[in-house]
Amino acid sequence: MTNSIQFINGAWEAGEGQKFDSVDPARNEVIWSGESASANQVEKAVMAAREAFPEWADKSVDERLAICKKFSELLEENKEHLARTMAKETGKPVWETRTEVGAMIGKVAISEKAYHERTGTVENEMPGAKAFIRHKPHGVVAVYGPYNFPGHLPNGHIVPALIAGNTIVFKPSELTPMVAQETVKLWEKAGIPAGVINLVQGEVETGKALSAHPQIDGLYFTGSSNTGHLLHKQFGGRPDKILALEMGGNNPLLVKNVSDIDAAVHNIVQSAFITSGQRCTCARRLFIEDSEQGRAVLERLVEVTENILVDDYEADPQPFMGAMISAKAAGEMVDAQNELLHKGAKSLVRMKQEDPKKGFVTPGIVDVTGVEGLEDEEHFGPLLKVYRYKELDGAIKEANNTRYGLSAGILCDDEQTYRYFFKHIRAGIVNWNKPITGASSAAPFGGIGASGNHRASAYYAADYCAYPVASVEADSMTLPESLAPGLKF
Ligand SMILES: NC(=O)C1=CN([C@@H]2O[C@H](COP(=O)(O)OP(=O)(O)OC[C@H]3O[C@@H](n4cnc5c(N)ncnc54)[C@H](O)[C@@H]3O)[C@@H](O)[C@H]2O)C=CC1
Ligand SMILES: O=C(O)CCC(=O)N[C@@H](CCC(=O)O)C(=O)O
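In this text, all values refer to a predicted model and were calculated from it rather than measured experimentally.

About the thresholds
- Residues numbered from 1 in each chain as written.
- Chains lettered and ligands numbered in written order.
- Predicted model: local features only at pLDDT ≥ 70, side-chain atom pairs only at ≥ 80, totals over all residues.
- Heavy atoms only, no water.
- Near = heavy atom within 4 Å.
- Polar contact = N/O pair within 3.5 Å; in protein donor to acceptor, adjacent residues only side chain to side chain.
- Helix = DSSP H or I, 4+ residues; strand = E, 2+ residues; numbered from the N terminus.
- Nonpolar A, V, L, I, M, F, W, Y, C, P; charged D, E, K, R; others polar.
- Salt bridge = Lys/Arg side-chain N within 4 Å of Asp/Glu carboxyl O.
- Buried < 20%, exposed > 50% of the residue type's maximum accessible area, 1.4 Å probe, protein only.
- Phe/Tyr/Trp six-rings, centres within 6.5 Å; stacked < 30°, edge-to-face > 60°.
- Lys NZ or Arg CZ within 6 Å of the ring centre and 35° of its normal.
- UniProt positions renumbered as here; feature names shortened; annotations may be inferred.

The next point concerns the site of ligand 1. Of all residues adjacent to ligand 1, which total 27 residues, the nearest are K171, E174, S224, M247 and E378. One of the backbone nitrogen or oxygen atoms of M247 is found 2.5 Å away from a nitrogen atom of ligand 1. Elements supplying a minimum of two residues to the shell around ligand 1: α7 (204-211), β10 (218-222) and α8 (225-234). Per-element tally for the shell around ligand 1: the top contributor is α7, with three residues. Tallied by class, residues from the shell around ligand 1 come to 13 nonpolar, nine polar and five charged.

A pair can form between side chains of opposite charge whenever their charged atoms are brought close. All told, the structure shown has 30 salt bridges when counted by the stated rule. For E117, the salt bridge goes to K113, with nearest N and O atoms at 3.6 Å. Of this pair, E117 and K113 both sit in helix α4 (residues 94-119), four residues apart, which is roughly one turn of that helix. Each member of the pair E117 and K113 is classed as exposed. One network of salt bridges, in which partners are shared, links R27, E80, R84, R98, D312 and E314.

Under the definition given, this model contains ten aromatic pairs. An angle of 55 degrees between the planes, with centres 6.3 Å apart, marks the rings of Y144 and F221 as tilted. With Y144 in strand β7 (residues 140-144) and F221 in strand β10, the pair connects residues that are 77 residues apart, well separated along the chain. Through a chain of ring-to-ring contacts, the aromatic side chains of Y418, F422 and W432 assemble into a single cluster. Above the face of the F149 ring, K92 is positioned so that its terminal group lies 4.0 Å from the ring centre. Against the face of F132 rests R134, its NZ or CZ located 4.1 Å from the ring centre.

The sites that UniProt annotates as "domain: Aldehyde dehydrogenase" (unreviewed entry) are residues 12-463. Secondary structure across residues 12-463 divides into 41% helix and 21% strand, with the first and last C-alpha atoms of the span separated by 32 Å.

In structure tokens, the structure reads:
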């Protein structure tokens, strides 16, 4: 049976390109198959979005919001179904995918507030006229999503873009096509007009056809730093197109003088291993003081990590970690661990993949103190590198020794130490005594360096969804009393 997986101009149709499958990584079962969108279908989708743009942009913001609110209600009604679809496709436990759907629901109200606060209308009186700041949508925007939050992260671009009046061509991760399809079905049910959201599913070729299309006015991307950098090159010399890049990180978490060791270890575990380490904000590097207390924290961390429950997304009791996105990704994580050990790192907790056909890995911790030649790479999985340090300044310097700059944190009792850390660390998210994952949608979300391009998402997504227009307006004209030199009337 043909799977109609492309949503173009308000109608579902089968892809004309290569077949691809979605595999449940926890059970090693193909759960979905479809054909990718051809270049011709990408063309049709972009042109449908172009065609739909004037009418959508012309609607009042309340009319556009009414559809977004209906979508949010439908998410609520279909919460369990969507959460279970996400769990099947990503391997994440259902307790976690339920929170992802919750974040999608909350996105509409937050984006409405952000739209008004950051891109609303400002009116100022001036002699004989009024000055206005208003905002207009860009036009047709392409949205690219990653697999780790297949609902919440693309939704973080789509909702604000729609509220602002843009039309969309959505290219989800090829690893999570089913979540994308189920989500777009809810937009359809919410009454989104034909062409306002188009879904083009497929692998890299589909992504390339869309990003190269001359009729897109912007591209909002959440994904790997490699792909983001390729897109940045592709958009070089195109100041007329808006590009927002949310990419990975090699995020540091420091520990210094904590009185509650269990609370500190809990924050470390939540930072490093939630979502099986597949969050761009996850701690990848843990800096621990080389002191008696530092050793006590490390010892407890090892103990707690060894007892983390890793299991199927529907298991009862629920695990903290489910499977990674694929058996391949899990295998690569074990390889990354082994390479570090080969370079001289010491294993504190050994990461294992028991079944090479499934995405399960246990969390791993390696002590890399003093190891030479470490690459500044994001290991997108549950692998934590420990650096034992003597001086805080040296630790902060090493924490900043990365081309990335997404999230960073410190666990310490003393506020002065936090203030000092805040001042010297380079990252877009800097936390104190809290996990560095779980960023709020009510705050800007983005990184510096290789983590982004200064177009933060979440609360600031409104900024890249509309451009400001300044106007000076008077409803009649009179000749000024004093004229500029050299003018005669
Ligand atoms: N900073 C942030 O907000 C977040 C960043 N991430 C990062 O995302 C990564 C994991 O997500 P992935 O799905 O692996 O990212 P990815 O870069 O492999 O894919 C993202 C999207 O880009 C498309 N794509 C891939 N190559 C392309 C090309 N050459 N031209 C056009 N499109 C192309 C893919 O098909 C997919 O739709 C991690 O590195 C993670 O750190 C994930 C979540 C949030
Ligand atoms: O975009 C938002 O509304 C907030 C950002 C967010 O939810 N971040 C999560 C996901 C991290 C990731 O993208 O991998 C977090 O900080 O854990």
